[in-house]
Amino acid sequence: GIGTVLGTDAQLRYLPETDIREYGSVSALGLAVRHSISQYIPLSPVALAVQGSWQSITLSGTEQDDVLEATGWALNAQVSKSLPAFPLTFYGGLQYEQFDVEVNYTFDTSAGTSEISLDQEAQNSVRALAGVSFSLAFLRLNADYALGANNVASVGVGLVL
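Reading the values: rules and limits
- Residues numbered from 1 in each chain as written.
- Predicted model: local features only at pLDDT ≥ 70, side-chain atom pairs only at ≥ 80, totals over all residues.
- Heavy atoms only, no water.
- Helix = DSSP H or I, 4+ residues; strand = E, 2+ residues; numbered from the N terminus.
- Contact = heavy atoms within 4.5 Å.
- Areas by Shrake-Rupley, 256 points an atom, 1.4 Å probe, with all protein chains shown as cover.
- Patch = residues over 30% accessible without salt bridge, like charges linked within 9 Å, V, L, I, M, F, W, Y side chains within 5 Å.
- Salt bridge = Lys/Arg side-chain N within 4 Å of Asp/Glu carboxyl O.
- Buried < 20%, exposed > 50% of the residue type's maximum accessible area, 1.4 Å probe, protein only.
- 1 Å grid on protein atoms, 1.4 Å probe; cavity = no way out; pocket = protein on both sides within 12 Å on 5 of 7 lines; lining within 4 Å.
- Points joined across faces, edges and corners; volume = space filled by probe spheres on them.

A. Examining the overall build of the protein chain more closely. Along the protein chain, the regular secondary structure elements total zero helices and ten strands. Counting from the amino terminus, the protein chain carries its helices and strands in the arrangement β-β-β-β-β-β-β-β-β-β. With the C-alpha coordinates aligned to their principal axes, the bounding extent of the protein chain is approximately 70 × 30 × 30 Å. If you take every contact in the protein chain between residues at least 6 apart in sequence, the share linking residues at least 24 apart comes to 39%. Carbon and sulfur atoms make up 62% of the accessible area of the protein chain, which amounts to about 11,200 Å² in all.

What follows is the structure, given as structure tokens:
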């Protein structure tokens, strides 16, 4: 990731094609760009940003290319508020997203050759999220809840350098 330059952050996620023993290989690529909107609003009481992201993952078999291909993208708006007297940050967002996966796999069985084929688009299209993070020395703890086609509660622990 590249830190804030003129209010913009950029991230690249990359895993070159990596062999997984006799199973095949995996590769991944992801890009994200976030831009601060609150920098254009003098005396804004909250931090506002917009973000776009895209990512892809491919799994290949030892005898078959592209067993699984999955891609997703998202556009979102984010808001956060840090409390100056406490190491707390409240955050939330609204996101539009799309995700597709395609699976094609052929394998031999005692009854002959079988094939699995699946092409699916995720149900989700809009997601809302609210959460809080707490910083303590070099640790950052967070908890959030996302509402969408599938509701998700998550917690995390991170290191702050």
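B. Spatial organisation of a nonpolar patch on the surface. Where nonpolar side chains cluster on the molecular surface, the patch consists of L12, Y14, L29, L31, W54, W73, L75, L94, Y96 and V126 and spans about 990 Å² of accessible area. Contributing elements (two or more residues each) for the nonpolar patch: β2 (8–20), β3 (24–36), β5 (68–82) and β6 (88–109). In this structure, L29 sits in strand β3. Accessibility expressed as a relative area gives 33% for L29, which makes it partly exposed.

C. Examining unusual backbone geometry more closely. Within the chain, L43 stands out as a residue other than glycine whose phi angle is a positive 60°. Within the fold, L43 resides in the loop between β3 and β4 (47–60). What makes L43 exposed here is its relative accessible area of 85%. If you check the backbone angles, A137 has positive phi at about 55° while not being a glycine.

D. Main features of the environment of S125. By the secondary structure assignment, S125 is in the loop between β7 (112–121) and β8 (126–136). Judged by its relative accessible area of 32%, S125 falls in the partly exposed class. A C-alpha to C-alpha distance of 7.9 Å links S125 and A149, two positions 24 residues apart in sequence. Residues contacting S125, with those up to four places away along its chain left out, are Q95, Y96 and E97.

E. Region of interest: the layout of surface pockets. In this structure, the second largest pocket spans a volume of roughly 220 Å³. As for the second largest pocket, its lining consists of E22, Y23, G61, T62, E63, Q64, Y105, T106, F107, D108 and T113.

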